[in-house]
Amino acid sequence: MPAINVSKATREQDHEQSRASTVFDLAEMPLRELNQALHNLTPGSNETAWEVLNPKGSHSVAVGVDQPITIDVRGSVGYYCGGMNDGSAITVHGSAGPGVGENMMSGSITVKGDASQYAGATGRGGLLVIEGNASSRCGISMKGIDIVVHGNIGHMSAFMAQSGNLVVLGDAGDALGDSIYEARLFVRGKVESLGADCIAKEMRPEHLELLQGLLDRAGATGVKAAEFKRYGSARTLYNFNIDNADAY
Amino acid sequence: MCGIVGLFLKDKSLEPRLGSMLSEMLISLSDRGPDSAGIAIYGAPSGNEGKITIQSAKPEHDFRNLDAELARAIGTPVNIAVKSTHAVVRTTPDKIDEVREAIQVLRPDIRIMGAGDVVEIYKEVGLPEAVVDRFDVRSMTGTHGIGHTRMATESAVTTMGAHPFSTGADQCLVHNGSLSNHNNVRRELIREGMKFETENDTEVAAAYLSSQMAHGKNLGEALEGTLSDLDGFFTFVVGTKNGFGVVRDPIACKPAVMAETDQYVAFGSEYRALAKLPGIDNARVWEPEPATVYFWEH
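Because the structure is a prediction, the values reported are computed rather than measured.

Engineer: Explain the sheet that holds strand β12 (residues 243-248) of chain B to me, please; I cannot follow it from the model alone.
Structural biologist: Sheet strands line up and pair through hydrogen bonds in the backbone, either parallel or antiparallel. Residues and elements named next belong to chain B. Spatially, the five strands line up as an open sheet ordered β9-β10-β11-β12-β16, and their pairing is antiparallel. The open sheet has two free edges, formed respectively by β9 (165-168) and β16 (294-297), since each of these has just one partner strand. Strand after strand, the sheet turns through a mean of 20° between neighbouring axes, direction not considered. Where strand β11 (residues 232-239) meets β12, five bridges bridge the pair, whose relative direction is antiparallel. Its bridge partner lying in β12, F236 is registered against V247.

See below:
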């Protein structure tokens, strides 16, 4: 076949693929093949839209993706969905098990339903949106990720949170922000209790601006930044104080 | 790890499928625990029958002529249905304790898995699929049931170390987690007169609940007590003759998800266990709250 025809055929094929999403049915194909196919993508790939069918609670769906593609997961997922995500935009059209978006680097993950324990744990960047509720330990040890939860979060959320923003439109459970470093916590509803060294803080204009930007990006329409309270570190645990020795 | 499941049917039309539904739920969690697996099925009450589920490492030897010998010993007809290493001994409800004692005399190597009016308990070393096949669990019918696949941490990988643990009539429990004060609680329960078959922490939790219910508490009240009296990590799923309960410790590290429809209440360590249940897409699915008791009764 003459070379010119091959390239024409390729162009037409590429054009076709850029319009339609690549559909991967986990009822037909093993999870490893999905993740391998996602990892095989290179910069400039035309397979920019992916759709995953029948996840049925599978673990590790779309972990480690490092290309700016969109992935729509049609159903509920198990542990670690979108873990280590670096640039892709993942939407879970269902609920997510423990550790959704764990250690995310950049990009976004949106969960249409609820999320289980430690959503966004250790995340370093990107935006994690939970449209339902998140359970315990949401944002534990977060290191730069932005997390917006439309519903409530469970106990021990933002434990040892280092940086980034956790926004909660509903209520927060016990011991919010225990041993927190420099992450910012914004809660609209009730906080059951604050953890060690976490205190309510003044909402300054720069916080209102930051928060309104996050609410807008997370699709929280009609919600005003002024409705939230800000919480953060009292910075009394940063250095060992001999007077606190009895507490250990 | 460990994987636990539970299914409590509200819709009688599902009862013929209880065994197959519970089996599939448990098999889907096989990679949470490859050491051993077990299932307790609550059959429909027959009115005038008590059952003891027994187990033997030498079933051909131990179960041979056991029905006739037991009948002679207690003076009442006894029926035995053998399933692999297990057998279900049936007699009139008032004779259950006598049968139990007679078994221990006639066949000291036989282990009692559980007893009651409706419960049957099957557990063995191996993967859930092998255990389910061995005892033909898929064909079993019933009103509710619980199951467990074990990754052992606190005691040996043996048949007796597998879950469910049953320490009272028609009561049994499966556990994901590990208890840290089980030795102390076991000593206290032994002083009360409870008997233990193993060194296992979960058996202590089961016996604790049996003891609480023997003191007149209902399932919900007994489960409430675990929150103050048991120390450690736990998600418990419990069955009684007509009830089904769930409780998680206040830290709630051990995963849990529940689903409820007009037809059933279901529990799984993970959503995978629930994903194939009928009507799951429209079910109310939620994560049980820490330190909160959930229970249902027929």
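From this point, the narrative continues.
Engineer: Could you clarify how one ought to interpret the nonpolar core in this entry?
Structural biologist: In a soluble, globular protein the nonpolar side chains are often hidden away together inside. Within the largest apolar cluster, 84 residues are counted, with the highest numbers of intra-cluster contacts made by V5, L7, L26, L173 and A205 of chain B. Here this core spans two domains, and each of domain 1 (3-44 + 128-297) and domain 2 (46-117) of chain B adds at least three residues to it. When residues no more than four places from it in sequence are discounted, the contact partners of L173 of chain B are P164, F165, T202, A205, A206, L209, F236 and V238 of chain B. Grouped together as the second largest cluster of nonpolar side chains are 67 residues, Y80, I130, V149 and I153 of chain A included.

Engineer: Just checking my understanding: could you explain the UniProt feature "domain: Glutamine amidotransferase type-2" (unreviewed entry) in chain B for this structure?
Structural biologist: Per the UniProt annotation, the sites labelled "domain: Glutamine amidotransferase type-2" (unreviewed entry) are residues 2-298 of chain B. Between the C-alpha atoms that bound residues 2-298 of chain B the distance is 28 Å, and the span itself is 26% helix and 32% strand.

Engineer: Where do I start with the sheet that holds strand β14 (residues 264-268) of chain B in this structure?
Structural biologist: Residue and element names in this part refer to chain B. With antiparallel pairing, the seven strands of this open sheet are ordered in space as β7-β2-β8-β1-β14-β13-β15. Every interior strand has two partners, whereas the edge strands, β7 (119-125) and β15 (284-286), have only one. Averaged over all pairs of adjacent strands, the angle between their axes in this sheet comes to 10°, without regard to strand direction. Strand direction decides the pairing type here: strand β13 (residues 257-260) and β15, joined by three bridges, are antiparallel. Opposite E260, over in β15, you have R284 as the bridge partner. Strands in contact with helix α1 (residues 18-27) are β1 (3-9), β2 (36-42), β8 (144-150) and β14; relative to β1, the strand with the most contacts, it is inclined by about 155°.

Engineer: For this particular structure, what's the right way to read helix α8 (residues 219-229) of chain B?
Structural biologist: All names here are of chain B. For α8, the set of buried residues is L219, A222, L223 and T226. The arc enclosing the buried residues of α8, seen along the axis, measures out at 100°, which places them on a common side. Summarising the contacts, the buried residues of α8 are in contact with α7 (201-214), β11, β12 and β16.

Engineer: Help me understand the domain arrangement of chain B, please; the structure alone is not making it clear to me.
Structural biologist: Interface size is often expressed as the accessible area that is lost when the parts come together. All names here are of chain B. Here chain B is partitioned into domain 1 (3-44 + 128-297) and domain 2 (46-117). Averaged C-alpha coordinates put domain 1 and domain 2 at centres separated by 24 Å. Listed per partner, the contact involves eleven residues of domain 1 and ten residues of domain 2. Among the residues forming the side of domain 1 that touches domain 2, the class breakdown is five nonpolar, two polar and four charged.

Here is what the cut-offs are and how they apply
Residues numbered from 1 in each chain as written. Chains lettered and ligands numbered in written order. Predicted model: local features only at pLDDT ≥ 70, side-chain atom pairs only at ≥ 80, totals over all residues. Pairing = 2+ DSSP bridges. Helix = DSSP H or I, 4+ residues; strand = E, 2+ residues; numbered from the N terminus. Axes fitted to C-alpha atoms, helices over the stretch in contact; angles between N-to-C directions. Core = buried A, V, L, I, M, F, W, Y, C linked by C-beta atoms within 7 Å. Buried ≥ 20, exposed ≤ 12 C-beta atoms within 10 Å, placed from the backbone. Domains from an automatic or database assignment. Contact = placed C-beta atoms within 7 Å. UniProt positions renumbered as here; feature names shortened; annotations may be inferred. Arc of directions from axis to C-beta. Nonpolar A, V, L, I, M, F, W, Y, C, P; charged D, E, K, R; others polar.

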